[in-house]
Amino acid sequence: MRLPVLALAACATLQPPANVGPTAALGQIATVDGVRIRPIELVEDSRCPALVRCVWAGRVVVRARMTGDGWTQIRDFELGVPQAVDRYRIALIQAEPQKAAPGPIDPPAYRFTFALSER
């Protein structure tokens with residue numbers, strides 16, 4: 001029951017961005033419509049592992065450096081929460097792998113997908 005509620009909450013806050021970028025690991029660059037997004041640090045992954053009953057679903061937050069035409073910004077992105085960056089709305093729309101068991105995931109295993117639309 002936790003997943004459908006979470007999916008509905010994400011739909012309420014995130015309008016589908018126009019362009020979904022490629023997936024990038026920490027330190028790699030995903031380019032979406034000329035905007036380069038480099039995940040540089042996993043800030044938080046408090047997601048509830050699969051098949052575990054949790055009171056709170058948790059969240060994923062990744063710090064990313066974005067570079068566009070004449071600008072650079074560093075922001076923390078929470079999964080499913082879009083942000084205004086320059087003339088865009090950028091959102092972290094997927095973080096893999098899903099937690100399968102309690103405990104941390106090895107940081108090099110993470111892959112992040114961002115989406116972008118013009119404001």
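Keep in mind the model is a prediction, meaning the values are calculated, not measured.

A look at the overall build of the protein chain
Turning to step 1, where the next piece is worked out: Along the backbone of the protein chain there are one helix and eight strands.
Turning to step 2, where the next piece is worked out: Counting from the amino terminus, the protein chain carries its helices and strands in the arrangement α-β-β-β-β-β-β-β-β.
Turning to step 3, where the next piece is worked out: Put simply, the protein chain has 119 residues, and 36% of those count as buried.
Turning to step 4, where the next piece is worked out: For the protein chain, the share of sequence-separated contacts (at least 6 apart) that also reach a separation of at least 24 residues comes to 47%.
Turning to step 5, where the next piece is worked out: Of the accessible surface of the protein chain, which amounts to about 7000 Å², a share of 55% is contributed by carbon and sulfur atoms.

Describing the sheet that holds strand E4 (residues 60–68)
Turning to step 1, where the next piece is worked out: Across the sheet, four strands lie side by side as E2-E3-E4-E5; this open sheet has antiparallel pairing. Strands with a single pairing partner mark the edges of an open sheet, and in this sheet they are strand E2 (30–32) and strand E5 (71–78). Here the strands of the sheet are splayed against their neighbours by 30° on average, with no regard to which way each runs.
Turning to step 2, where the next piece is worked out: Relative to E5, E4 runs antiparallel, the two sharing eight bridges. Bridge pairing links Arg 63 to Asp 76 in E5.

With respect to the state of the cysteines
Turning to step 1, where the next piece is worked out: Counted by the stated rule, this structure contains one disulfide.
Turning to step 2, where the next piece is worked out: The residue that forms a disulfide with Cys 48 is Cys 54, at a sulfur-sulfur distance of 1.8 Å. The S-S bond linking Cys 48 to Cys 54 shows a torsion near 75°; that makes this disulfide right-handed.
Turning to step 3, where the next piece is worked out: Its relative accessible area of 9% is what places Cys 48 among the buried residues.

Points about the environment of Ser 46
Turning to step 1, where the next piece is worked out: If you trace the backbone, Ser 46 turns up in the loop between strand E3 (35–45) and E4.
Turning to step 2, where the next piece is worked out: When the C-alpha positions of Ser 46 and Pro 102 are compared, they lie 9.8 Å apart, and in sequence the two are 56 residues distant.
Turning to step 3, where the next piece is worked out: In this structure Ser 46 touches Trp 56, Ala 57, Gly 58 and Arg 59, once residues within four positions along its chain are discounted.
Turning to step 4, where the next piece is worked out: Here Glu 44 takes part through its side chain, which lies 2.8 Å from a polar atom of the side chain of Ser 46.

Description of the sheet that holds strand E8 (residues 111–118)
Turning to step 1, where the next piece is worked out: Read across the sheet, four strands follow the order E1-E8-E7-E6 without closing on themselves; strand pairing throughout is antiparallel. Since the sheet does not close on itself, it has two edges, and those belong to strand E1 (19–24) and strand E6 (83–85), each with one partner. Across the sheet, the mean angle from the axis of one strand to that of its neighbour is 30°, orientation sign disregarded.
Turning to step 2, where the next piece is worked out: As paired elements, E6 and strand E7 (residues 88–96) share three bridges and run antiparallel to each other. Bridge pairing in E7 places Gln 83 opposite Ile 90.

Topic: the confidence of the model for the protein chain
Parts of the model with low pLDDT should not have their predicted coordinates read in detail.
Turning to step 1, where the next piece is worked out: Residues with a pLDDT of 70 or more make up 85% of the protein chain, whose mean pLDDT is 85.
Turning to step 2, where the next piece is worked out: Below a pLDDT of 50 lies the segment residues 1–14, which in the model reaches eleven contacts outside its immediate sequence neighbourhood of four places, other chains included.

Topic: the side chain of Asp 45
Turning to step 1, where the next piece is worked out: Here Asp 45 lies in strand E3.
Turning to step 2, where the next piece is worked out: Here Arg 47 takes part through its side chain, which lies 2.8 Å from a polar atom of the side chain of Asp 45.
Turning to step 3, where the next piece is worked out: If sequence neighbours within four positions are ignored, Asp 45 has contacts with Arg 59, Val 60, Lys 99, Ile 105 and Tyr 110.

Criteria and thresholds
- All residue numbers refer to position in the chain's written sequence, counted from 1.
- Under the rules for a predicted model, residues below a pLDDT of 70 receive no local features and side-chain atom pairs below 80 are neither given nor counted, while totals for whole chains, interfaces and linings still include all residues.
- Based on all heavy atoms of the structure, the side-chain values leave hydrogens and waters out of the count.
- For helices the rule is a DSSP run of H or I covering at least 4 residues; for strands it is a run of E covering at least 2, with both sets numbered from the N terminus onward.
- Note on exposure labels: buried denotes an accessible area under 20% of the residue type's maximum, exposed denotes more than 50%, and partly exposed covers the range between, all computed with a 1.4 Å probe on protein chains only.
- By definition in these notes, contact holds between two residues if any of their heavy atoms fall within 4.5 Å.
- Every accessible area reported is derived by Shrake-Rupley at a probe size of 1.4 Å, with residue values counting cover from the shown protein chains alone.
- Note on pairing: two strands pair once DSSP finds at least 2 bridges between them.
- To define axes, lines are fitted to C-alpha atoms, for helices over the stretch in contact only, and angles between the resulting N-to-C directions are given on a 0 to 180 degree scale.
- The disulfide criterion is simple: two cysteine sulfur atoms within 2.5 Å.
- Polar contact is defined as a pair of N or O atoms within 3.5 Å, subject to the rule that within protein one atom must be able to donate a hydrogen and the other to accept it, and that residues adjacent in sequence are counted only when both atoms are side-chain atoms.
- Each residue carries a pLDDT score, the predictor's confidence in it, ranging from 0 to 100.

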